[in-house]
Amino acid sequence: MSGTGEKKFSKLQRILLAGGAVVVLAGAGFAVSAGVRTARAAMAAQGGVTTWSSAETAIAAKPAKGMDGWDIPQPVHMPTDPKQAALVKKGMFLTVAGDCMPCHSVAGEPEFAGGRAVGTPFGSVFSTNLTPDKKYGIGSMTDKQFYAAVHGGIEPGSSLVVFPKYEYPVMPYTAYSKLTYSDVMAIKAYLDTLKPVAIKNRPDTMFFPTDLRAGMLAWRLLFFHPHPVRYQKGWSQNVRHGAYLVQALEHCDACHTPRNIAMASIHSRYLAGGHIIDQAWYAPNITASKSDGLGSWSDKAIYTYLHDDGDMKQGAPFGKMKAVVDDSLSRMPKQDVQDIVDYLRTLKPLKSHIPPAIPDAAASVAAGKTLYDDECARCHMKIGEGVNNNIPNLAHNQAVWNGRPIDVIGMMLAGFEPWHKDQTAMPMFGATLSDTQIADIANYVRTAWGNRGEPDATANTVAALRSEATIEVDLDTGSTKASLSADGKTRQFNDISGRVWVNGNRTDCRMTANFSTQYGKNPVLLGGACASQGNEFAGRVTVDGKVTPVVLMVRQVLHDNHVVGLHLFGPIGDGRTLDANIALKTVNY
């Protein structure tokens, strides 16, 4: 879609949602029936994870070898009652399988304390504090309120006085509505054992009229029809387990199914591939299609991709899927992941929707080959074979050529973290290559070496994705200059480590940083995320062991209208001022 087309599409979305808000104001009575429908669906659900064996719900608390990710927080007070303790353990499994922590945590801040931005065409929604803090977390929520939030998408409180406080569907309650009551209560049992964290929830920054939660009633009446997982006759117990994991807990539909103009999943295209909302990532077709989906993959290949971080044949998880593998699937019992494979085999084969080739595609591909040889071949090799167990292959990599060119473009624009921990990162080219050059490279790699993609990328395609691409940069003295001022004196930090993630419009930026004068001696620690439409950085700073909440100003540094850096500055307590300049322009090597 061209840049102009994207703008028209977004405008149409807002008009539709505004109309929905009007419908809501005329149809308040439906709120009761919607709640009854949810309750009936809950009564029909059976056989969740709480009925599974301990072996089927064991979880690895730390990332697998070579993978990145979070350490799963352990209960600070495990119940003494054996049955309740077993429920907490299964709640931990459910939380990991549901991939809750990456969305409800910000690097450098306590786990599950919320604050992660989720972009939409209508503004940003921030994840909430899930720790048992009674003021800012879920500590004061009743079981009924927690179940309504997770299973039914309704938070405590109201909108416009008379309407429930409906959640935006960026929280995947459309999938979690398939969870059993006992499973939702197990999640709460686990979260209730964690350390309370008194961090206030960041306010959402949705545009009018979508900032009115009451307006979600019209959307819910049209698109939210909760029901338990529908098991087919003849399915084995393994396939049933896989269906529950895919449809409910892992909420694969949220990314891998395309959405309509109202941002609702198109069920007739279930898991056939979709552009992840407001991000430069495309979740590929995972139906049983032999040409476009997983139908030609062996069971071992699918399992290796999901549990073991991929290989040099089918490629490696990247983008949002890498977090799913590192923080969820790789932590789960092997049999559970095999159950997912078994369920995926039952899916209806669907073709991917691939745009047609652009006019004068041959010239674009030829230009792309020259650029690839100059900019990319030093790492990905001349014929796209990659470097064994370090740099994934581009040749015969279905994620490269299948569907739309969003993933290839997004990774060139913003770079990406290493495939395996402490290995080679993908550098960003967004500040050094033009939109046309990036489109040409995408068209070349999607059609070279036997790849069966279409040369369908244009300069407008790239331009539309710039604001959605998430830049990832390691912090060190090469990328970052920082100083601390106090009592009229300024000292420069000469030992810096950490990482920053920032999308093009800064609605989702996160950072964890360690600033030191000498390694390990009196470090200044900073962690947090952007707020106020990306103009502020809200987080916590640690100086001499003292933790202080801070709000820093954020300014972007531009060169030729491209974002090449960030400037963070402001007071951090006790008369100190922090000033940091972070270069986002990666040196290509």
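Just so it is clear, the structure is predicted and the values come from calculations on it, not from any experiment.

A. Expanded view of the overall build of the protein chain. Each helix and strand counted, the protein chain has 19 helices and 17 strands in total. For the protein chain, with 589 residues in total, the buried portion stands at 54%.

B. Structural context of the sheet that holds strand S10 (residues 489–492). One open sheet holds the ten strands; their spatial order is S8-S11-S12-S13-S14-S15-S16-S17-S9-S10, and the pairing between them is antiparallel. With one partner strand each, in any of the chains shown, strand S8 (470–475) and S10 form the two edges of the open sheet. Strand-to-strand twist of the sheet, defined as the mean angle between neighbouring strand axes without regard to direction, takes the value 20 degrees. As paired elements, S8 and strand S11 (residues 495–503) share six bridges and run antiparallel to each other.

C. The nonpolar core, seen in detail. In terms of nonpolar packing, the biggest core is built from 61 residues, with Val445, Met511, Phe515, Leu526 and Leu584 touching the most fellow members. Beyond its immediate stretch of four places on either side in the chain, Met511 contacts Ala107, Leu475, Arg499, Val500, Trp501, Leu526, Gly527, Gly528, Phe537, Leu568 and Ile582. Judged by nonpolar contacts, the second largest core, of 60 residues, contains Val184, Ala243, Leu294 and Val325.

D. Seen up close, the pattern of salt bridges. One pass over the structure, following the stated rule, counts 19 salt bridges. Put simply, Asp544 and Arg576 hold a salt bridge, and the shortest N to O gap is 3.8 Å. In this pair, Asp544 is assigned in the loop between strand S14 (536–543) and strand S15 (546–559) and Arg576 in strand S17 (residues 576–583), connecting sequence segments 32 residues apart. Several salt bridges share partner residues, and in doing so they unite Glu155, Lys165, Asp204 and Arg213 into one network.

E. Local environment of the packing of aromatic side chains. Under the criterion given, the structure shown has 15 aromatic pairs. When the ring of Trp297 is compared with that of Tyr305, the centres are 5.8 Å apart and the planes differ by 70 degrees; the resulting orientation is edge-to-face. Among the residues examined, Trp297 registers a relative accessible area of 9% and is labelled buried. Judged by centre distance (5.3 Å) and plane angle (35 degrees), the ring pair of Phe493 and Phe515 falls under tilted. In this pair, Phe493 is assigned in the loop between S10 and S11 and Phe515 in strand S12 (residues 509–516), connecting sequence segments 22 residues apart. We note that Phe493, like Phe515, is buried. Members of the aromatic cluster, connected to one another through ring pairs, are Trp52, Phe93 and Tyr244. The side chain of Arg240 reaches across the aromatic face of Tyr231, ending 4.1 Å from its centre.

F. Region of the structure containing the environment of Arg220. Within the secondary structure, Arg220 sits in helix H8 (residues 216–223). Residue class for Arg220 comes out buried when judged on its relative accessible area of 3%. Distance from Arg220 to Gly153, taken between C-alpha atoms, is 9.6 Å for residues 67 residues apart in sequence. When neighbours within four sequence positions are excluded, Arg220 is seen to be in contact with Gly152, Gly153, Ile154, Tyr166 and Tyr173.

G. Representation of the pairing of strand S13 (residues 524–531) within the structure. A large share of S13 lies buried, amounting to seven of its eight residues. In terms of strand pairing, S12 meets S13 through six bridges, oriented antiparallel. Looking at S13, one finds that Ala513 is bridged to Leu526. Where S13 meets S14, eight bridges bridge the pair, whose relative direction is antiparallel. Looking at S14, one finds that Cys530 is bridged to Phe537. Hairpin connection of S13 to S14: four residues between the antiparallel strands, including Ser532 at a positive phi of 50 degrees.

H. Local environment of the packing of helix H9 (residues 237–249) against helix H13 (residues 334–344). Where H9 contacts H13, the two axes come as close as 7 Å, and the packing angle between them is 90 degrees. Compared by their axis directions, H9 and H13 come out roughly perpendicular. Residues Asn238, Val239, His241, Gly242, Ala243, Leu245, Val246 and Gln247 of H9 lie in contact with H13, whose contacting residues are Gln335, Asp336, Asp339, Ile340, Asp342 and Tyr343. Across the contact of H9 with H13, the residue classes break down as six nonpolar, five polar and three charged.

The rules behind the values
- Residues numbered from 1 in each chain as written.
- Predicted model: local features only at pLDDT ≥ 70, side-chain atom pairs only at ≥ 80, totals over all residues.
- Heavy atoms only, no water.
- Helix = DSSP H or I, 4+ residues; strand = E, 2+ residues; numbered from the N terminus.
- Buried < 20%, exposed > 50% of the residue type's maximum accessible area, 1.4 Å probe, protein only.
- Pairing = 2+ DSSP bridges.
- Axes fitted to C-alpha atoms, helices over the stretch in contact; angles between N-to-C directions.
- Core = buried A, V, L, I, M, F, W, Y, C linked by side-chain atoms within 4.5 Å.
- Contact = heavy atoms within 4.5 Å.
- Salt bridge = Lys/Arg side-chain N within 4 Å of Asp/Glu carboxyl O.
- Phe/Tyr/Trp six-rings, centres within 6.5 Å; stacked < 30°, edge-to-face > 60°.
- Lys NZ or Arg CZ within 6 Å of the ring centre and 35° of its normal.
- Parallel < 35°, antiparallel > 145°, perpendicular 65-115°, else oblique.
- Nonpolar A, V, L, I, M, F, W, Y, C, P; charged D, E, K, R; others polar.

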